[in-house]
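Survey of secondary and tertiary structure
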Amino acid sequence: MGNCLREWASSFTVLAVMCNRHSPLHRDSQSLTQWFDIMTSISDYGPARMILPNIGIEIAYNSGVMVGTSGRVVRHGVDSVIGDRVSWVWYMRDDIHKFVDIP
């Protein structure tokens, strides 16, 4: 696996793809404070919002919107929607770096 990660073309160690998922408010406890997550979603769905309550922001999370934030620091969540939504979330996990001995 270490060899694969050395060839990995992204600075992010994880890519999660989710379909039609409600995401309750949470923080990403396995991430580091200084790392950012990138979240986006596409498809044909009704109004959605991403809520970031501890910084007082609500975003119209429409198809094509991309959000970057520190998932460990900023609580975040996404409403359920009517229709089909595909979301991509790119993030890093320090345990993967440690597993393959990459600082």
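Residues numbered from 1 in each chain as written. Predicted model: local features only at pLDDT ≥ 70, side-chain atom pairs only at ≥ 80, totals over all residues. Heavy atoms only, no water.

**Focus: unusual backbone geometry**
- Of note in this structure, Asn-20 is not a glycine but carries a positive phi near 50 degrees.
- Structurally, the position occupied by Asn-20 is in the loop between β1 (14-19) and β2 (23-26).
- Accessibility expressed as a relative area gives 43% for Asn-20, which makes it partly exposed. (Helix = DSSP H or I, 4+ residues; strand = E, 2+ residues; numbered from the N terminus. Buried < 20%, exposed > 50% of the residue type's maximum accessible area, 1.4 Å probe, protein only.)

**Some points on the sheet that holds strand β5 (residues 57-60)**
- What the 4 strands build is an open sheet, ordered β2-β7-β4-β5; its pairing is antiparallel. Looking at strand neighbours, the two that pair on one side only are β2 and β5, the edges of this open sheet. Neighbouring strand axes in the sheet, compared pairwise and without regard to direction, differ in orientation by 15 degrees on average. (Pairing = 2+ DSSP bridges. Axes fitted to C-alpha atoms, helices over the stretch in contact; angles between N-to-C directions.)

**Some details on the nonpolar core**
- The biggest cluster of nonpolar side chains holds 10 residues, and these are Met-39, Tyr-45, Ala-48, Met-50, Leu-52, Tyr-61, Val-67, Val-74, Val-78 and Val-89.
- Not counting residues within four places of it along the chain, the set of residues in contact with Val-78 comprises His-22, Ser-23, Arg-49, Met-50, Tyr-61 and Arg-85. (Core = buried A, V, L, I, M, F, W, Y, C linked by side-chain atoms within 4.5 Å. Contact = heavy atoms within 4.5 Å.)

**Examining the side chain of Ser-70**
- The residue Ser-70 is located in the loop between β6 (66-69) and β7 (76-78) in this model.
- Sequence-distant contacts of Ser-70, defined by excluding residues within four places in its chain, comprise Leu-32, Thr-33, Trp-35 and Phe-36.

Any functional reading would require information that these geometric values do not contain.
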